[in-house]
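# Fold and geometry: a report
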Amino acid sequence: MTTMTQTAPLVRVEGVTKRFGSGDKEMVALSGLNLEVREGEFLSLLGPSGCGKSTALNIMGGLLTASEGTVTFSGEPLTEPSRNIGMMFQQAVMFPWRTTLENVLLPVEIFGEKKKDFIPKAEELLEMVGIRDFRDSYPWQLSGGMQQRAALCRVLLHDPKLLLLDEPFGALDEFTRESMNQELLRLQDYATSTAVLVTHNITEAVFMSDRVAVMSARPGRLVDIIEVPFDRPRRPELQTSTEFIKLVAKARQMLELQ
Amino acid sequence: MTRTEVIAQIAIDSSPKKKRWLKSPYLLTAALLPIILSIWWLATTVTNSVPAILLPTPESVWAAFPRVLGANGFSTQVLTTLTEIAGGFALGATIGFFLGVLLSSSRRLRAAYLPFLSALEAIPTVILAPIIIAWIGFGVEGKILQAAIACFYAVFITTLSGLGLAEPNAVNLMKSLRASKWQTMVKLRIPTALPVIFGGLQLGATTAIIGAIVSEFIGATGGLGYLMLRYRSGFDTAAYWVIIFLFLLIGLVVYLTIWYIERRFVFWRRSEVTRPDLEKQ
Ligand SMILES: Nc1ncnc2c1ncn2[C@@H]1O[C@H](COP(=O)(O)OP(=O)(O)OP(=O)(O)O)[C@@H](O)[C@H]1O
Ligand SMILES: [Mg+2]
């Protein structure tokens, strides 16, 4: 099932089961999920809607606790959110009463640090995603894609070791989504962090990842892991190559077999 | 802006300056005045179908204005009532806001006190007023307390429900940053709730005015409500109506003031349906 890892994994999810509710209303979202995330890799979680991908991600981020099983992060049991883990959600979650820059600096305020110390870094990140000119604009003056770019800057500001991304670009149109994915790969490389991306898009999963973890329908568990061997940086043309199409077909088959 | 709004905006922009005032909503407000006045005038002065004790003529009310406003100690009475309203509103809104924050943070506190606080709101001012008079007398303090009781609930209940409006994703973001409950409250929940809280403040301000006046009616040594009672017992209906118009004015000023503050505070989201101007978002 899982492939052997050379170094100790950054995240180890072992036999994680998650139940919501109790009694008659009990619902099993995850059932015995095993997963390892290697240091520095880009891993996608691919699975049908409702199979527990967000639940799994929230458990890895310490937002939810597992009903059974364990999660370790850097070898330590994970029981609560960590500063070393950055999360991005389907919506950008920009506070409309804050300017772009103020939104990006939100973690600084929460961590009780000096904003002044982080402004240059925040501006550099905004520059990298091409929205530096909008630093003093409010979120409602930005497009959906620009808001997600800002959210990306916010999550990268403190160089998290692990990025947990729950369909961050799912609400965007196809074109914006593709360019955001490129942006994400570039920035992940720049920040040298490890990333776990939840998606239902098979092509996207294969294009972005070093490995694609395919999950079963609810209650979710791991079906198999597909290794994606292509070099980086990956260019959009890759998606038309035969090997790429073969891998996509393989992932599709795994999803459909269930 | 929607398409129609854009078109409307273009139409406004391209129309000659001198005609712009024709689109002012205040023209509609002003148009109402002659209509009301003429109906009033027809019913009283012209047809004489309503006895003056029920509804005085517009002329007599007009004539009563200088008499009422120029009466000895009138400004003291106005000041008394304004103090009661402002004091009661400030006290009630503050208590309502903090109670809302407190109860929103604890399910146990909610279960214990929410029904009780809601029941308290159901006790009418008229019933409470004699008790408060018996406890702390006829003075301004009792009226402030009365107005505060009348208005706290609107602010309390809107604060409580507004604080629950934060998006689950936003709450998760704060959690993922390990924000404390307090940080989540101040940086997320309260700003999210502000538009709703301002609705509560508008409502609370009117109930504070009602609370103050009703309690003056029940028993007071000064204030506009007290003055009204005196005019009524002297069968000076015209003067009585003058004070009704003064209350209308007070209500208007209070509404516009709160709206103005809201505009400053909640600059990112303005309620489209409760605002009194035509400005575009
Ligand atoms: N807080 C909750 N309480 C009860 N049930 C929940 C809760 N959160 C998730 N679930 C249930 O658990 C299951 C898995 O949900 P989850 O959101 O993890 O799925 P998902 O794979 O992310 O789906 P999607 O791709 O549609 O986002 C769903 O059936 C959902 O109804
Ligand atoms: Mg999901």
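These figures come from a predicted structure and were not determined experimentally.

Take the nonpolar core next. Of all hydrophobic cores here, the largest spans 84 residues; its most connected members are Val 11, Leu 35, Leu 45, Met 60, Phe 95 and Val 196 of chain A. Examining the composition of this core, we find that 13 residues originate from one element, helix α9 (residues 181–218) of chain B, more than from any other. Not counting the four nearest positions on each side in its chain, Phe 95 of chain A is found in contact with Asn 103, Leu 106 and Pro 139 of chain A together with Ala 170, Leu 173, Met 174, Lys 187 and Leu 188 of chain B. Among the nonpolar cores identified, the runner-up in size contains 51 residues, and Leu 101, Leu 105, Ala 195 and Val 214 of chain A belong to it.

What follows covers unusual backbone geometry. Residues and elements named next belong to chain A. Cis geometry marks the peptide bond from Arg 218 to Pro 219, where omega comes out at -5 degrees. Residue Pro 233 follows Arg 232 across a cis peptide bond; omega there is -5 degrees. Mapped onto the elements, Pro 233 comes out in the loop between β10 (222–227) and α8 (242–256). Residue Ser 74 is not a glycine yet carries a positive backbone phi of 50 degrees.

Residue and element names in this part refer to chain B. Orientation of helix α8 (residues 168–176) relative to α9, taken along the N-to-C sense of each, is 145 degrees, at an axis distance of 11 Å. In this structure, α8 meets α9 at a crossing whose hand is right-handed. Across the interface between the two elements, Ala 170, Val 171 and Met 174 of α8 pack against Gln 183, Thr 184, Lys 187, Leu 188 and Arg 189 of α9. Split into classes, the residues belonging to the contact of α8 with α9 amount to 4 nonpolar, 2 polar and 2 charged.

Residue and element names in this part refer to chain A. A sheet is described by the order of its strands in space; here 4 strands give the open sequence β2-β1-β4-β5, paired in antiparallel fashion. Single-partner strands in this sheet number two, and they are β2 (27–37) and β5 (76–77). One ladder, built from 2 bridges, connects strand β4 (residues 68–73) with β5; its direction is antiparallel. Bridged to Phe 73 within β5 is Glu 76. Sitting on the sheet, helix α1 (residues 53–60) is in contact with β1 (11–20), β2 and β4, with an inclination near 60 degrees to β2.

On to the site of ligand 1, then. Residues and elements named next belong to chain A. As a matter of local geometry, ligand 1 sits amid 13 residues, with Ser 49, Gly 50, Lys 53, Ser 54 and Thr 55 nearest to it. One of the side-chain nitrogen or oxygen atoms of Ser 49 is found 2.6 Å away from an oxygen atom of ligand 1. In the model, an oxygen atom of ligand 1 is placed 3.1 Å from a nitrogen or oxygen of the His 200 side chain. Here ligand 1 has 640 Å² of accessible area as a free molecule, and 62% of this is covered by the chains. Of all the secondary structure elements, the ones that give two or more residues to the shell around ligand 1 are β2 and α1. In terms of residue count, α1 provides more of the shell around ligand 1 than any other element does, 3 residues in total. Considered class by class, the residues forming the shell around ligand 1 number 4 nonpolar, 6 polar and 3 charged.

About the cut-offs
- Residues numbered from 1 in each chain as written.
- Chains lettered and ligands numbered in written order.
- Predicted model: local features only at pLDDT ≥ 70, side-chain atom pairs only at ≥ 80, totals over all residues.
- Heavy atoms only, no water.
- Core = buried A, V, L, I, M, F, W, Y, C linked by side-chain atoms within 4.5 Å.
- Buried < 20%, exposed > 50% of the residue type's maximum accessible area, 1.4 Å probe, protein only.
- Helix = DSSP H or I, 4+ residues; strand = E, 2+ residues; numbered from the N terminus.
- Contact = heavy atoms within 4.5 Å.
- Axes fitted to C-alpha atoms, helices over the stretch in contact; angles between N-to-C directions.
- Left-handed = near helix turned anticlockwise from the far one by under 90°.
- Nonpolar A, V, L, I, M, F, W, Y, C, P; charged D, E, K, R; others polar.
- Pairing = 2+ DSSP bridges.
- Near = heavy atom within 4 Å.
- Polar contact = N/O pair within 3.5 Å; in protein donor to acceptor, adjacent residues only side chain to side chain.
- Areas by Shrake-Rupley, 256 points an atom, 1.4 Å probe, with all protein chains shown as cover.

So far we have only geometry, and geometry alone does not tell us how the molecule works.
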